[in-house]
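Working through the structure, step by step
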Amino acid sequence: MPITTIAPSILTNSPTQYKDIIKKYYPFVRRAHIDISDGTLTTSTTINETAVWWPKGWTVDIHMMTAQPSKHVDNLIKLHPNLVILHAEARENLLPIFDTLKQNGMRVGVAIVRGVYPGSIKPILAAADHAMIFSGHLGEYGGEADLLLTEKAELINDLHHGIEIGWDGGAKLDNIRPITHAGIQVINVGSAIAKADDPAQMYSLLVAETEKEEPL
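Overview of the structure. (Residues numbered from 1 in each chain as written. Predicted model: local features only at pLDDT ≥ 70, side-chain atom pairs only at ≥ 80, totals over all residues. Heavy atoms only, no water.)

1. Thoughts on the overall build of the protein chain
Basically, it comes down to this: Starting at the N terminus, helices and strands are each numbered in turn, a helix being any DSSP run of H or I of at least four residues and a strand any DSSP run of E of at least two. Here the radius of gyration uses the C-alpha set of atoms, whereas the globule reference equals 2.2 Å times the residue count to the power 0.38. We call a residue buried when its accessible area falls under 20% of the maximum for its residue type, exposed when it is over 50%, and partly exposed in between, using a 1.4 Å probe and counting protein chains only.
Secondary structure summary: the protein chain contains eight helices and eight strands in total. The C-alpha atoms of the protein chain give a radius of gyration of 16 Å, which matches the 17 Å a tight globule of 216 residues would have. If one aligns the C-alpha atoms of the protein chain with their principal axes, the spans along those axes are about 40 × 40 × 30 Å. Taking all 216 residues of the protein chain together, 51% fall into the buried category.

The structure is reproduced here in structure tokens:
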């Protein structure tokens, strides 16, 4: 079974809280998922990308919840994360934006929300390095994982064999194993880690679950 990576999610509208989360996660995080919302796809906003930073050695994925990603490209190039995830339902053509980000050394991904069928975005998937199945509520922690959405993983892989597949929304100890066994390689975990009494211990428990060969 392929190794699955747990990427703790960071979602906040406060630069001070952002700093506190980074400090809390620093001892155990290797790959992190940072959510940024400008209010064009969600009813809420977060800190924007100009306020984002991370410790040396972290691999960082940035999830841009925006209908107008082109407005953020210059700042993303300056940040230079490992991966930038944009939304299929953005009001712009993602392909030239993908090209610009790739030319500047970043990987690109597409977030696939509940109502988006992978077959309807074939050109985007063909150009992407990563496809993130989204089961949560945009701009919020604490979503419920709809495990029926794991069926999208096979559809995505049929359309772009070998693409990295991620999951976002409601992953926790009692469901992370079936998510893993559906072929998900990166699982972003928000409230299960953020609200744990001991985030580092919870992270370790989640990792241990992904390593179990039995699906349930």
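Next, the rest of the story.
2. Points about the side chain of serine 37
Convention followed: For this analysis, a polar contact is any N or O atom pair within 3.5 Å, provided that within protein one partner can donate a hydrogen and the other can accept it, and provided that sequence-adjacent residues contribute only side-chain to side-chain pairs. We call two residues in contact when some of their heavy atoms are within 4.5 Å.
The topology assignment puts serine 37 in strand 2 (residues 31-37). What makes serine 37 buried here is its relative accessible area of 2%. Among the polar contacts listed, one links the side chain of serine 37 to the backbone nitrogen of glycine 39, at a separation of 3.4 Å. At 2.8 Å, the side chain of serine 37 forms a polar contact with the backbone oxygen of serine 44. Residues within four places of serine 37 in sequence aside, it is in contact with Thr42, Ser44, Thr45, Thr46 and Met65.

3. Regarding the nonpolar core
Nonpolar side chains in soluble globular proteins tend to end up buried together. Quick note on the threshold: Side-chain atoms within 4.5 Å link the members of a nonpolar core, which is a set of buried Ala, Val, Leu, Ile, Met, Phe, Trp, Tyr and Cys residues.
By size, the foremost hydrophobic cluster in this structure holds 65 residues, and its most contacted members are Phe98, Val110, Trp167, Ile187, Val189 and Ile193. When neighbours within four sequence positions are excluded, phenylalanine 98 is seen to be in contact with Leu86, Val108, Gly109, Val110, Ile124, Ala127 and Ala128.

4. Some words on the sheet that holds strand 4 (residues 83-87)
Through backbone hydrogen bonds, the strands of a sheet pair up, either in parallel or in antiparallel fashion. For clarity, the threshold we go by: At least two bridges found by DSSP between two strands are what make those strands a pair. All axes are obtained by fitting lines to C-alpha atoms, using only the stretch in contact for helices, and the reported angles, taken between N-to-C directions, cover 0 to 180 degrees.
In spatial order, the strands read 1-2-3-4-5-6-7-8; together these eight strands close into a barrel with parallel pairing. Averaged over all adjacent pairs, the angle separating strand axes in this sheet is 25 degrees, with direction ignored. Running at roughly 155 degrees to strand 1 (residues 5-10), helix 1 (residues 15-25) makes contact with strand 1 and strand 2 of the sheet.

5. Focus on the pairing of strand 7 (residues 164-168)
The element strand 7 is extensively covered by neighbouring structure, given that five of its five residues are classed as buried. Taking every second residue as pointing to the same face, both faces of strand 7 are buried, with Glu164, Gly166 and Asp168 on one and Ile165 and Trp167 on the other. In terms of strand pairing, strand 6 (residues 130-134) meets strand 7 through five bridges, oriented parallel. Residue pairing in the sheet places histidine 130 in a bridge with glutamate 164 of strand 7. Note: strand 7 against strand 8 (residues 186-189), three bridges, orientation parallel.

6. Some thoughts on the environment of alanine 126
For alanine 126, the position within the fold is in helix 4 (residues 122-127). A C-alpha to C-alpha distance of 8.8 Å links alanine 126 and isoleucine 163, two positions 37 residues apart in sequence.

7. Considering the side chain of histidine 33
Here histidine 33 lies in strand 2. With relative accessibility at 0%, the residue histidine 33 sits in the buried group. Residue contacts for histidine 33: discarding those within four places in its chain leaves Ala7, Pro8, Ser9, Ile10, Asp61, His63, Ile85, Met132, Asp168 and Asn188.

8. Side note on the pattern of salt bridges
Where side chains of opposite charge bring their charged atoms close, a pairing between them can arise. We apply this condition: The term salt bridge refers to a side-chain nitrogen of Lys or Arg lying within 4 Å of a carboxyl oxygen of Asp or Glu.
Enumeration over the complete set of coordinates arrives at six salt bridges. Arginine 31 serves as the salt-bridge partner of aspartate 61, at 2.8 Å between the closest nitrogen and oxygen. On the criterion of sequence distance, the pair formed by aspartate 61 in strand 3 (residues 59-65) and arginine 31 in strand 2 is long-range, its members being 30 residues apart. Residue aspartate 61 shares its accessibility class with arginine 31, and that shared class is buried. A salt bridge links arginine 114 to aspartate 146, with the nearest nitrogen and oxygen atoms 3.3 Å apart. Here the residue arginine 114 occupies a position in the loop between strand 5 (107-112) and helix 4, and aspartate 146 occupies one in the loop between strand 6 and helix 5 (152-159), the gap between them amounting to 32 residues. Owing to a relative accessible area of 25%, aspartate 146 belongs among the partly exposed residues under this scheme. Counted as one network, the salt bridges with shared partners bring together Arg31, Asp61, Arg107 and Glu164.

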